[in-house]
Amino acid sequence: MRVAWAILRKDLTVELRTLETVPAMAIFTVATFVIFHFGLQRDSLSGQLAAGVFAVSLLFAAVLGTNRLFVAEREQGGFDGFLLAPVDRTAMFLAKSAALFLYLTVLEIIAVPAFGLFAAPPGYGGALGGLIVFLLLVNLAFAILGTLVSAIAVHTRARDLIGPIIGLPLQIPALISFAIGTGKLLAVHTVGPGEVLPVHGAHHPAGEWLLVLALYDVFTALLAYAVFDFLLEE
């Protein structure tokens, strides 16, 4: 854990000094919300449409962060130094996953209010608790898979292309669970003139999709832990 913490501290220090990743992710996400706001010509979205807009914006911001995850190690010889050191290879996986998770969390501190401004349905505040739980779980899925895929793609010439090609299909279960679950949270129905209340799907409550997302996180974490050493050495 000391090794993982040292790598994580290094990555966070570099990000604080350079501001290369998180600001770009935040600008991309807010710009996506603005485009959907004016493109759909609607002041607010609800249900699956709102969840889809949020999920797509978050996905592409995560891809942007994933592509930059191992660039410094590749360009400055960090991989060679780490492989020569007498440390557990899993430490790098833990550190990079934690870094990407923190990048996404900081991004969403900006993205959640921005979504409320440009696209959120009435009653959005009442769904924030459930939305935050979904965001934390989908962040974990993105962080685990993003680290695994980035470790593969960074050794190729077309790493910016290979990463999304490999990563996006693997992230589909997490995206589906997130989009459907948050769609239930963000659904509304009219109860009177100008009054709306959040509703939850009768057949597929948000809690069921939260459980699916949590189980997917556990599965991907075990898979990544099992294969990361071999990927790093190859």
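Residues numbered from 1 in each chain as written. Predicted model: local features only at pLDDT ≥ 70, side-chain atom pairs only at ≥ 80, totals over all residues. Heavy atoms only, no water.

### Some points on the packing of aromatic side chains
A full pass over the atoms with the stated rule returns 5 aromatic pairs. Ring centres of F54 and F115 lie 4.9 Å apart, and the angle between their planes is 80°; this geometry places the pair in the edge-to-face category. Here F54 is found in helix α3 (residues 47-67), whereas its partner F115 is found in helix α6 (residues 90-118), with 61 residues between them in sequence. Here F54 matches F115 in class, with each residue buried. Measuring from centroid to centroid gives 6.2 Å for F54 and F178, while their planes differ by 50°, and the two rings are tilted. Here F178 lies in helix α8 (residues 159-186) and F54 lies in helix α3, a separation of 124 residues in the sequence. Taken as a pair, F54 and F178 share a single burial class, namely buried. Each residue in the set F33, F54, F115, F134 and F178 is aromatic and connected to the rest through ring pairs, giving one cluster. (Phe/Tyr/Trp six-rings, centres within 6.5 Å; stacked < 30°, edge-to-face > 60°. Helix = DSSP H or I, 4+ residues; strand = E, 2+ residues; numbered from the N terminus. Buried < 20%, exposed > 50% of the residue type's maximum accessible area, 1.4 Å probe, protein only.)

### With respect to unusual backbone geometry
Of note in this structure, L19 is not a glycine but carries a positive phi near 50°. As for its position among the elements, L19 is in the loop between α1 (2-18) and α2 (22-40).

### Topic: the pattern of salt bridges
Applying the stated rule across the entire model yields 2 salt bridges. Its salt-bridge partner being K10, residue D11 comes within 2.7 Å of it at the nearest N-O pair. Of the residues examined, K10 reaches a relative accessible area of 34% and is grouped as partly exposed. Close ionic contact of D11 with K96 constitutes a salt bridge, the shortest N to O distance being 2.9 Å. Separated by 85 residues along the polypeptide, D11 in helix α1 and K96 in helix α6 bring together distant segments of the chain. Residue classification places K96 among the buried positions, given a relative accessible area of 1%. Salt bridges sharing partners connect three or more residues here, namely K10, D11 and K96. (Salt bridge = Lys/Arg side-chain N within 4 Å of Asp/Glu carboxyl O.)

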